[in-house]
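Each chain, written out:
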Amino acid sequence: MSTPRPSTTPTRPVLPAPPLPAAGAGWALLFDVDGTLLDFADDPGSVRVSPALLALLHDVHAATEGAMALVSGRELDDLDRLFERPRWAAIGLHGLELRQASGSFRRVIVPQSGQDHMHREVRALAARFEGVQVEDKQLAVALHCRRAPEQLARLHGAASELMARLPGYELQPGHQVLEFKPAGMDKGRAVTELLQRAPFAGRTPVYLGDDLTDEHAFDAVNRRGGFSIRIGEREPSAAHFTLPGPAATEAWLTRVLHALTHGAPTHARLPHGGPARQP
């Protein structure tokens with residue numbers, strides 16, 4: 001009988017919980033929404049923000065002097081509906097829409113003919129798969145499989161074939177969702193753009209996200225010496241820290257707010273040798 005050999009596949013160390021800031025630390029906080037601040041729902045339109053979370057985010061926005069942003073695959077209009085039209089910086093549609101803290105706005109423009117073609121093709125594709133839900137975001141179209149997770153693998157194969165007929169577009173996988181969107185923009189590029197303007201410029205970026213779409217943002221924040229925080233247990237990930245879910249995100253943010261105004265205990269701050277702020 002042979003002796004089993006130990007695996008030679010390297011295992012990643014368990015990610016630690018994120019640190020807390022010192023009082024007055026120059027943090028810029030950026031949050032994915034679904035799966036990070038809010039629990040997922042089968043119907044994205046049925047999600048609601050609790051009054052307690054909304055009040056907490058307003059307080060965090062004030063404590064960071066406006067250096068706080070939502071970063072989402074949702075349209076900005078949808079984010080504003082969810083969060084009762086706050087005057088916060090926000091990134092929508094994975095970076096296709098961006099609102100600076102000043103209120104200035106930019107949106108990627110694509111030809112209407114290409115948009116119409118993409119919409120027709122994607123809706124025809126979705127009609128072939130029972131239980132797949134279509135979310136029309138105008139510039140992008142998402143196909144959700146939360147009601148029919150068994151369809152995801154076949155849908156992904158068919159969607160990949162369809163991309164050959166959609167020049168200028170790319171397929172963005174996510175949590176039980178496939179999204180067709182204009183190519184050339186992602187959350188990481190949009191976050192980098194946001195961090196170049198006041199009040200984000202010169203601060204240490206802290207990004208929280210749960211999905212594949214957040215990996216671009218993790219990379220962008222890591223390059224700037226910031227803190228990348230994965231929500232959940234998805235692997236692999238470029239994140240350096242982790243929290244288990246939206247409830248833990250809210251609890252940690254409550255502690256962050258207190259730390260920004262009163263200071264965190266020394267043991268709760270970043271240990272020596274961790275990510276450092278770049279000059």
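The protein chain has the name Trehalose 6-phosphate phosphatase in an unreviewed UniProt entry, where Rhodanobacter sp. IGA1.0 is given as its organism. A UniProt comment under Sequence similarities (unreviewed entry) is attached to the protein chain, and it reads "Belongs to the trehalose phosphatase family."

Draft legend 1. Expanded view of the overall build of the protein chain. A tally of helices and strands in the protein chain yields seven helices and twelve strands. Whereas a compact globule of 279 residues would reach a radius of gyration of roughly 19 Å, the protein chain reaches 20 Å, a difference of no more than 12%. A principal-axis box enclosing the C-alpha atoms of the protein chain has dimensions of 70 × 55 × 35 Å. Burial status across the protein chain gives 52% buried among its 279 residues. Residue pairs in contact within the protein chain that sit at least 24 positions apart in sequence constitute 60% of those at least 6 positions apart. When the accessible surface of the protein chain is totalled, it reaches about 13,400 Å², and 54% of it is carbon and sulfur.

Draft legend 2. Up close: the environment of lysine 181. For lysine 181, the location among the structural elements is in strand S9 (residues 177-182). Along the chain, lysine 181 and glycine 168 lie 13 residues apart, while their C-alpha atoms are 8.7 Å from each other. Not counting residues within four places of it along the chain, the set of residues in contact with lysine 181 comprises His94, Leu96, Leu139, Ala140, Tyr169, Glu170 and Gln172. A polar atom in the side chain of lysine 181 sits 2.5 Å from the side chain of glutamate 170. Looking at lysine 181, its side chain comes within polar contact range of the main-chain oxygen of methionine 185, at 2.5 Å.

Draft legend 3. Examining the packing of aromatic side chains more closely. Tallied over the entire structure, the rule returns five aromatic pairs. The interplanar angle of 65° and the centroid separation of 5.2 Å between the aromatic rings of tryptophan 27 and phenylalanine 227 together place this pair among those described as edge-to-face. Note that tryptophan 27 is positioned in strand S1 (residues 27-31) and phenylalanine 227 in strand S11 (residues 227-231), a separation of 200 residues in sequence. With respect to class, tryptophan 27 is no different from phenylalanine 227; both count as buried. Of the aromatic side chains, those joined through ring pairs into one cluster are Trp27, Phe227, Phe241 and Trp252.

Draft legend 4. Structural detail: the sheet that holds strand S8 (residues 169-174). Pairing is antiparallel across the open sheet formed by four strands, whose spatial order is S6-S7-S9-S8. Lying at the two open borders of the sheet, with one neighbouring strand each, are strand S6 (133-136) and S8. Averaged over all neighbouring strand pairs, the angle between strand axes comes to 20°, with direction disregarded. Bridge analysis of S6 against strand S7 (residues 141-144) gives four bridges, and the strand direction is antiparallel. Residue pairing in the sheet places glutamate 135 in a bridge with alanine 142 of S7. Across the sheet, helix H3 (residues 112-126) lies against S6, S7, S8 and S9, angled at about 10° from S7, the strand it touches most.

Draft legend 5. Just the sheet that holds strand S3 (residues 89-92), in detail. The strand order across the open sheet built from eight strands is S5-S4-S3-S2-S1-S10-S11-S12, with neighbouring strands paired in mixed fashion. One side of each edge strand has no neighbouring strand; the edge strands of this open sheet are strand S5 (105-107) and strand S12 (241-243). Neighbour-to-neighbour, the strand axes of this sheet turn through a mean angle of 15°, independent of strand direction. Pairing of strand S10 (residues 204-209) with S11 involves four bridges; the strand directions are parallel. Within S11, the residue paired with valine 206 across the bridge is phenylalanine 227. Packed onto the sheet, helix H6 (residues 215-223) meets S10 and S11 and runs at close to 155° relative to S11. The sheet contacts of helix H7 (residues 246-262) involve S1, S10, S11 and S12, and relative to S1 the element is tilted by about 160°.

Draft legend 6. Fine view of H7. If you check H7, its first and last C-alpha atoms are 24 Å apart, about what 17 residues at 1.5 Å a residue would give, namely 24 Å. For H7, the complete set of buried residues consists of Pro246, Ala248, Thr249, Trp252, Leu253, Val256, Leu257, Ala259 and Leu260. Following H7 by one or two positions, glycine 263 has its phi on the positive side, about 95°.

Draft legend 7. Structural view of empty space enclosed by the protein. Applying the stated criterion across every chain, the model contains one cavity of 30 Å³ or more. Looking at the largest cavity, its volume works out to about 310 Å³. Around the largest cavity sit 26 residues that line it, and Asp34, Gly73, Lys137, Arg146 and Val177 are the ones nearest its centre. Every element with two or more residues in the lining of the largest cavity is listed here: S7, S8 and S9. Counting residues per element, the lining of the largest cavity draws most heavily on S8, at three residues.

Draft legend 8. Geometry of the confidence of the model for the protein chain. Per-residue confidence for the protein chain gives a mean pLDDT of 90, with 92% of residues at or over 70. Note that pLDDT drops below 50 for residues 1-9; the model gives that stretch zero contacts with residues more than four away or on any other chain.

Rules and cut-offs
- Residues numbered from 1 in each chain as written.
- Predicted model: local features only at pLDDT ≥ 70, side-chain atom pairs only at ≥ 80, totals over all residues.
- Heavy atoms only, no water.
- UniProt positions renumbered as here; feature names shortened; annotations may be inferred.
- Helix = DSSP H or I, 4+ residues; strand = E, 2+ residues; numbered from the N terminus.
- Rg over C-alpha atoms; globule rule 2.2 N^0.38 Å.
- Buried < 20%, exposed > 50% of the residue type's maximum accessible area, 1.4 Å probe, protein only.
- Contact = heavy atoms within 4.5 Å.
- Areas by Shrake-Rupley, 256 points an atom, 1.4 Å probe, with all protein chains shown as cover.
- Polar contact = N/O pair within 3.5 Å; in protein donor to acceptor, adjacent residues only side chain to side chain.
- Phe/Tyr/Trp six-rings, centres within 6.5 Å; stacked < 30°, edge-to-face > 60°.
- Pairing = 2+ DSSP bridges.
- Axes fitted to C-alpha atoms, helices over the stretch in contact; angles between N-to-C directions.
- Expected span 1.5 Å × (residues − 1).
- 1 Å grid on protein atoms, 1.4 Å probe; cavity = no way out; pocket = protein on both sides within 12 Å on 5 of 7 lines; lining within 4 Å.
- Points joined across faces, edges and corners; volume = space filled by probe spheres on them.
- pLDDT = per-residue confidence, 0-100.

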